[in-house]
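Architecture and fold: a report
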Amino acid sequence: MTEKTTRLSVAARLRNNFLAGLIICAPIAITTWLTWSVVHWADSWVRPYIPVRYDPERYLDFAVPGTGLIIAIIFITIIGFLAKNIIGQSIVNFGESLVQRVPLVRLVYKSVKQIFETVLKERSNSFKKVGLIEYPSPGLWSLVFVATDAKGEIASKFNAMGHDMVSVFLPPTPVPTAGFLIFVPREKIVVLDMSAEDGAKLLISGGLVTPEYKERLTSPKEAPVPFVGKKALSSAKEADRLIAPE
């Protein structure tokens, strides 16, 4: 009996050690593999267009990974610098006017450009807030990323119905890159204090990795101000005076 218990404890220790090592090694291996894949992908696209005399591997006896990625970053930065000038803007506008004449291409170009402008805009607060909504049915809550207020025709239709709607992104677990766009009333979104990064970790881990939370000490909430018709009373004392019988 004692021997069996000892064998089980040794097996449990080995299992725990393996899981601990897996937790340490797996993120490092996956991050390294993704980084290496991105570098090689960039090199495969850019290096064929590099003149032979400017290729570092011509003067070295070993491969230099990342050359294409570095050149791509420098090239994109130069394009962005030139696009801010009057001449650069005129060239960009001329190129866009040519693209707008191609039926299918203009639709793809306009959509992709709008997405990048929204995501990369420095003043944008999209997807920086995490919240909870009742989905897929009342009593069941799902984690969402708050995108932005409803705009355009959608906002006009909702305003006509008296609704203040917010667009949220509902990602699935464990791959949060796909998901659903849902319009939710503003008052039905429970905004959380966690960051978007912590929300992504919670989704990817399937709820196993919960971010740390320290409850903030807040002062007691003030008594809600009562309403009589559409006129707001300034204080609860004034409300008691109006409601009390003469």
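As the structure is a computational prediction, the values presented were derived from the model and not from experiment. (Residues numbered from 1 in each chain as written. Predicted model: local features only at pLDDT ≥ 70, side-chain atom pairs only at ≥ 80, totals over all residues. Heavy atoms only, no water.)

On a plain count of helices and strands, the chain comes out with 7 helices and 7 strands. Tracing the chain from N to C terminus, the helices and strands come up as α-α-α-α-β-β-α-β-β-β-α-β-β-α. When each of the 246 residues of the chain is scored for burial, the buried share is 18%. For the chain, the proportion of contacts with a sequence separation of at least 24, taken over those separated by at least 6, is 36%. About 20400 Å² of surface is accessible on the chain, with carbon and sulfur atoms providing 66% of the total. (Helix = DSSP H or I, 4+ residues; strand = E, 2+ residues; numbered from the N terminus. Buried < 20%, exposed > 50% of the residue type's maximum accessible area, 1.4 Å probe, protein only. Contact = heavy atoms within 4.5 Å. Areas by Shrake-Rupley, 256 points an atom, 1.4 Å probe, with all protein chains shown as cover.)

A few words on the confidence of the model for the chain. Of the residues in the chain, 80% reach a pLDDT of 70 or more, and the chain-wide mean stands at 77. Note on residues 1-5: pLDDT is under 50 here. Beyond four places in sequence and across chains, it has 0 contacts. Segment residues 222-246 is flagged for pLDDT under 50; beyond a separation of four residues in sequence, or across chains, it makes 9 contacts in the model. (pLDDT = per-residue confidence, 0-100.)

Moving on, we come to the side chain of D43. Relative to the helices and strands, D43 resides in helix α1 (residues 2-46). Buried and without a salt bridge, D43 has R47 as its closest oppositely charged side chain, separated by 5.3 Å. With sequence-adjacent residues up to four places away left out, D43 is seen in contact with P48, P65, G66, T67, G68 and L69. (Lys, Arg positive; Asp, Glu negative; His and termini not counted. Salt bridge = Lys/Arg side-chain N within 4 Å of Asp/Glu carboxyl O.)

Here helix α2 (residues 67-83) is 17 residues long and its end C-alpha atoms lie 24 Å apart, about the 24 Å a rise of 1.5 Å per residue gives. Along α2, the residues that are buried comprise T67, G68 and A72. Take α2 and look down its axis: the buried residues cluster within an arc of 125 degrees, on one side only. When the buried face of α2 is taken as reference, the exposed residues oriented beyond 90 degrees from it are I70, T77 and F81. (Expected span 1.5 Å × (residues − 1). Arc of directions from axis to C-beta.)

What follows is about the pattern of salt bridges. Within the structure shown, the criterion is met by 3 salt bridges. In this structure, E96 engages K113 in a salt bridge whose closest nitrogen and oxygen atoms are separated by 2.4 Å. On the criterion of sequence distance, the pair formed by E96 in helix α3 (residues 86-99) and K113 in helix α4 (residues 103-120) is long-range, its members being 17 residues apart. Exposure remark for E96: the relative accessible area of 17% places this residue in the buried category. According to the relative accessible area criterion, K113 is partly exposed, its value standing at 31%. The salt bridge involving D164 is made with R186; its shortest N-O contact spans 2.7 Å. Taken together, the residues span a long stretch of sequence, with D164 in the loop between α5 (152-160) and β3 (165-170) and R186 in the loop between β4 (180-185) and β5 (190-191) at a distance of 22 residues. Within the structure, one salt-bridge network assembled from shared partners comprises D149, D164 and R186.

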